[in-house]
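Report on the structure
The lines below spell out each chain.
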Number of protein chains: 2
Amino acid sequence: MKILRIDMGQLSYQEEEVPAELLALGGRALTSKLVHDEVPATCHPLGPYNKLIMANGVLTGSLVSSAERSSIGGKSPLTGGIKESNAGGIAGLKMGRLGYRAIIFEGIRDDFYTVYINKDGVRFERADLLLGKRISEATNILYQTYGKEIGFYLIGISGEFKMNTAAIANPDKDGSPTRFCGRGGLGAVAGSKGIKAVVLDDAGVERNRPKDPERFKESMKMYTTWLRETPGTAKVFPELGTAGLVKTTNKLGALPTRNFSTGSFEHYEAISGETLRETILERGGEGTATHACMPGCLIRCSNIYPDEEGKTVTSPIEYENIGLLGSNLGIGNLDQIAELNRLCNELAVDTIEIGAALGVAMDAGVISFGDVEGAKSILLDLEAGKPLGRIIGGGAALVGKIYGIRRVPVVKGQSMPAYDPRGIKGLGVTYATSPQGADHTAGQTIRAQVDHHSPEGQVEASRQAQEVNAIYDGLGLCYFSASAVAGRFEVMAQLVSGYIGMDITAEDIKNMGRLTLKWEHQFNRKAGFTKADDRLPEHFYIEENPANGQVFDVNQEELETIGAEGEYAR
Amino acid sequence: MKILRIDMGQLSYQEEEVPAELLALGGRALTSKLVHDEVPATCHPLGPYNKLIMANGVLTGSLVSSAERSSIGGKSPLTGGIKESNAGGIAGLKMGRLGYRAIIFEGIRDDFYTVYINKDGVRFERADLLLGKRISEATNILYQTYGKEIGFYLIGISGEFKMNTAAIANPDKDGSPTRFCGRGGLGAVAGSKGIKAVVLDDAGVERNRPKDPERFKESMKMYTTWLRETPGTAKVFPELGTAGLVKTTNKLGALPTRNFSTGSFEHYEAISGETLRETILERGGEGTATHACMPGCLIRCSNIYPDEEGKTVTSPIEYENIGLLGSNLGIGNLDQIAELNRLCNELAVDTIEIGAALGVAMDAGVISFGDVEGAKSILLDLEAGKPLGRIIGGGAALVGKIYGIRRVPVVKGQSMPAYDPRGIKGLGVTYATSPQGADHTAGQTIRAQVDHHSPEGQVEASRQAQEVNAIYDGLGLCYFSASAVAGRFEVMAQLVSGYIGMDITAEDIKNMGRLTLKWEHQFNRKAGFTKADDRLPEHFYIEENPANGQVFDVNQEELETIGAEGEYAR
């Protein structure tokens, strides 16, 4: 495997062999290692010293179910710290087929290019035709220009504007550009480098095959059996998708409602996973209640949401979208959530950050809670680059500063996903301590065997989850396989060993998770983070969540042991 | 002397004796000591744990020339660190006459009050009549309500909106509300506490008198003689005011021009101190080229700028306003600068931060450089709370984030005053290392005996200036007396000893400066600042200032010895 290094300032490139010590790293482990090694921690995120790094997982291309996730990393304009954001879809798969484990973008420029990559190398083509277009239209232009078989990464108008909420889209297995590396504003970093699109054309290239097929096949069989036999991966996710969580979090008082002012929502049944499934099945047409974003995924947690005539509105409606664009805005209607979700996807903005930003704006009285037309109008302002749209496009923390609001659900500048940390306290620990800022995928504790309302045991639950999540992110594995695969690191090691043809042990796999956290915390320390950053917003400590009577009361000193100055930072 | 402690949440108050160890502290030394001791460093600046502290200088009320400055301190919503901002005027004098060395405001509330303080105590009166009014109109209402003899602190619409640029006004010796504690958004902290105005009515109270008149008189005489005999204080400042600097900085390549993209301005003569003086003298009427903001000030650096009919437009036009609202915006016309200055004063916003914010917005293409009508329109948007006005009201750093601009002249979130750090490198060191963020008054090196373009000697120059400035800020002395008084700490010690009736040595005076920096850096360390924050924006290191061919090239390790983790932080 190679690393492709592209200088956007010079519009030039070179290929490098992956150094031996990086050969068993992929995804987040690799982007974070490279950011740690190559990016000066104090650099401006939109300046010439930042890099944008795309990497596929170690198992990407292996046809292991749910293993095609790819990661994008760099210094985040949203948090000021290290950032990795990953998504399903097919871009990572195509990158791997072209022989690249990672692509490193360097330099900055003011105009925009499509970076076209195929087996013959790299071409830089002016992207003028794509500029200002919505994601669906830009995707059509890419397909018309380069054919339907390509993979790609694509930024939206938000990335052209270098907004903190700018995401990077890539297509799902059916070519629909609905998988987003959403968090941390990496679309703005792409924008600063003049990268409108990266086209990955694997025509004429063989698929990646295991280096040690026997060893691989055996462990693959075991892995697949677990996925098929575990209720979560075999039934719950396929049927309800992530939206199945709505009832659970609402009961825990963890469903963010009206700018996280409470944790349960009076209309939660109207936006639950069950209602979502029923609505999709009833309407039929192009809708589907279960859909795979990656080829060969057995879990198929995604969906396509249709309108009353059965035409596609958006894909997918996930739990995070329901929480942030629904209950958090006082919106209890799936069609309204779908419409906001669709618009966010068209503009390629992080639905979590935008939902949180709109929630703060509603709390400030800019528009009212529940005002879906007002929210749509703001998103159109964002598309037009108008001031109110720019404010929301800056993310929740900036909205709070602009409007002088102190109840802003962010950590390290990044907005919380759809779990009130007073309802699932282990996630509060993850929010406070993760080098990524508030992020459920950096250490999801919702299935940890703890009392979610107790302050006890949450730091350990978060620590374990942060390490395990980092492992999944490095392998390219979707975390939704975790309920089946959990901590079976021995089988992961066998899969990796068989696929890449090296002897990888379970301990190596576990180390990858720990090292990822180490590289990330060490970068952040140099960037200026301290234990003062390991905190939730003040009001979560002193204002009870009315849904469950809880404040966030995990011991701060214990929490700091895994934070910015904790065990990983040393 | 007493400390008055006011709980704005409860609308209650109590008086405390000044503890013995604080008796010889005033102004910034006292606010920073109290913030260090009483404010949790990680608290939200607009939340219940922040405090707003007003303190007059040790010499305030003594009738020593230029010694009536008062300080306001707290945790800054702009920088996230400790903040002290001081101004001339008469509020501190009145506070001292009422027997208070400091007033500490605690708690928060959503409605607004005028806090009326006289010899009988404190009254809380609803401020509804003042809300939304411009500073001049609100001032008239205060005078109508409480009589013309009061002093006061007053926030504008910007403070009601809790904007990062919100300043706090207080009247000059003629009652004109033109002296601003401008930096760091302390007007927003006042706003968060529901403080619209603090009225200081000293009717029926004796003036403060020296405790040891003989000792005081002797040193006072010496001090006054120096002021009268030094060219800077006797002639340059009275004649040209601070605007006399324009020619100097333009020549050094330090006059910020078009968002700090260069350091000299083709129209500098049209906005120089000389032109300012001539214009005022020619027009006559209400204008005056030399004016004292504090009773008894011999330096009289202020002015009143008249229009062509001789009617007052604004007061004062200072060097910082010319640099930030003039050359930095590509505006080379004093009438236009005066008009922007007037509007900023009416809205009670920091002219430095607003000028820098408009400069970044112009660089982003929101309006063009030189577009004074566009700038006025944005200030009216600010007054109306419209989105673009909110963005500018958030300060330069936020404008940069909102518009994805990387050339933003801020340090620790606070915009640079009107000196390009590639033109006066000692000020660059002060910007990078001061606990206050970019701030010339925290360590002015323009008169240091160094080659301003050399990287050598700048750290020592800045260190000395930072200590001396902190001393002046603690005494309530205007730094413009420094060219006459300089490091004559023995006489300062005599003045203080005679005034407060304690034996204060020159070493005590010097210690006050060092301790102030210590308290401030220690607070900031707890708030999360590190040496990663001791940096100028990246482009100042890599892009030459076209006016002088310089980049900022002071040795970073040497610079860090006086920064966030340096000698004062320990």
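Owing to the predicted nature of the structure, the values given are computational and were not obtained by experimental measurement. (Residues numbered from 1 in each chain as written. Chains lettered and ligands numbered in written order. Predicted model: local features only at pLDDT ≥ 70, side-chain atom pairs only at ≥ 80, totals over all residues. Heavy atoms only, no water.)

1. Quick look at the interface of chain B and chain A
Facing the 29 residues of chain B at the interface are 30 residues of chain A. Together chain B and chain A conceal approximately 2700 Å² of surface at their shared face, both sides included; 64% is due to carbon and sulfur atoms. Among the residues chain B hides against chain A, the three largest losses belong to B:I402, B:R406 and B:E538. Together they make up 22% of the total. For the pair chain B and chain A, the number of links is 4 residue pairs in polar contact (both at pLDDT 80 or more). (Contact = heavy atoms within 4.5 Å. Buried area = accessible area lost by both parts, 1.4 Å probe. Polar contact = N/O pair within 3.5 Å; in protein donor to acceptor, adjacent residues only side chain to side chain.)

2. Here's the deal with the sheet that holds strand β13 (residues 288-291) of chain A
Residue and element names in this part refer to chain A. On the basis of which strands lie adjacent, the open sheet formed by 3 strands has the order β13-β14-β15 and antiparallel pairing. Only two strands of the sheet have a single neighbouring strand rather than two, namely β13 and β15 (312-314). On average, each strand axis in the sheet is tilted by 40° relative to the strand beside it, whichever way the strands run. Contacting β13 and β14 (302-306), helix α9 (residues 273-283) runs over the sheet at an angle of about 55° to β14. (Pairing = 2+ DSSP bridges. Helix = DSSP H or I, 4+ residues; strand = E, 2+ residues; numbered from the N terminus. Axes fitted to C-alpha atoms, helices over the stretch in contact; angles between N-to-C directions.)

3. Points about the packing of helix α6 (residues 213-229) of chain B against helix α19 (residues 489-500) of chain B
Residue and element names in this part refer to chain B. Where α6 meets α19, the closest approach of the two axes is 8 Å, and the angle between their N-to-C directions is 140°. The angle between α6 and α19 places the two elements in the oblique class. Viewed along their axes, α6 and α19 form a crossing whose handedness is left-handed. In this structure, α6 contributes R215, F216, S219, M220, M222, Y223 and W226 to the contact, and α19 contributes V491, Q494, L495, S497, G498 and Y499. (Parallel < 35°, antiparallel > 145°, perpendicular 65-115°, else oblique. Left-handed = near helix turned anticlockwise from the far one by under 90°.)

4. What about the confidence of the model for chain A?
Looking at chain A, pLDDT values average 97 and 100% of them are 70 or higher. Among the prediction metrics, the complex's ipTM stands at 0.97, with pTM recorded as 0.97. (pLDDT = per-residue confidence, 0-100.)

5. Structural notes on the side chain of B:T314
Looking at the secondary structure, you find B:T314 in strand β15 (residues 312-314). Judged by relative accessible area, which is 5%, B:T314 ranks as buried. (Buried < 20%, exposed > 50% of the residue type's maximum accessible area, 1.4 Å probe, protein only.)

6. Some remarks on the environment of A:T31
Residue and element names in this part refer to chain A. For T31, the position within the fold is in helix α1 (residues 27-38). With relative accessibility at 1%, the residue T31 sits in the buried group. In sequence terms T31 and P455 are 424 residues apart; their C-alpha atoms lie 33 Å from each other. Discounting residues that sit within four places of it in the chain, T31 has contacts with I53, A55, S71, I72, G73 and E84.

7. Some thoughts on the environment of A:N164
Along the chain, the position of A:N164 falls in the loop between α4 (157-160) and β10 (168-170). A:N164 sits 249 residues away from A:G413 along the chain, and the two C-alpha atoms are 9.9 Å apart. What A:N164 contacts, discounting residues up to four positions off in sequence, is A:P77, A:L78, A:G184, A:G185, A:G393, A:G394, A:L398 and B:K401.

8. Considering helix α8 (residues 245-252) of chain B
Residue and element names in this part refer to chain B. Within α8 the residues assigned to the buried category are L245, V246, T249, N250 and L252. Looking straight down α8, one finds that the buried residues subtend no more than 165° of arc, so they occupy a single side. G253 lies just past α8 and shows a positive phi near 75°. (Arc of directions from axis to C-beta.)

9. Notes on the sheet that holds strand β13 (residues 288-291) of chain B
All names here are of chain B. What the 3 strands build is an open sheet, ordered β13-β14-β15; its pairing is antiparallel. Of all strands in the sheet, those bounded by a partner on one side alone are β13 and β15. Each adjacent strand pair in this sheet contributes to an overall mean axis angle of 40°, direction not counted. When strand β14 (residues 302-306) meets β15, the two strands line up antiparallel, connected through 2 bridges. Within the sheet, the bridge partner assigned to P306 lies in β15 and is T312. The strands touched by helix α9 (residues 273-283) within the sheet are β13 and β14, with β14 carrying the most contacts at an inclination of about 55°.

10. Quick notes on the relation of the copies chain B and chain A
In screw terms, the move from chain B to chain A is a rotation of 180° and a rise of 0.0 Å along the axis, fitting with an RMSD of 0.0 Å. Those values place the two copies in the arrangement expected of a two-fold rotation axis. Closest approach to the rotation axis within chain B is made by the C-alpha atom of B:P387, at a distance of 2.8 Å. Most of the interface of chain B is mirrored in chain A, where 100% of its interface residues again form contacts. (Least-squares fit on C-alpha atoms with pLDDT ≥ 70 in both.)

11. Observations concerning the pattern of salt bridges
Per the stated rule, a full pass over the model turns up 82 salt bridges over all chains. The residue A:K510 makes a salt bridge to A:E507 at a minimum N-O spacing of 3.7 Å. Of this pair, A:K510 and A:E507 both sit in helix α20 (residues 506-527), 3 residues apart, which is roughly one turn of the helix. Look at A:E507 and you get partly exposed, because its relative accessible area is 40%. Across the pair B:R183 and B:D350 runs a salt bridge whose closest N-O atoms are separated by 2.9 Å. (Salt bridge = Lys/Arg side-chain N within 4 Å of Asp/Glu carboxyl O.)

12. Overview of unusual backbone geometry
A cis amide bond, omega -15°, links A:S315 with the succeeding residue A:P316. By the secondary structure assignment, A:P316 is in the loop between β15 and α10 (319-325). Of note in this structure, B:R300 is not a glycine but carries a positive phi near 50°. Inspection of the secondary structure assignment puts B:R300 in the loop between β13 and β14. Positive phi outside glycine occurs at B:K412, with the angle close to 50°. You can see B:K412 is positioned in the loop between β16 (410-411) and β17 (414-415).

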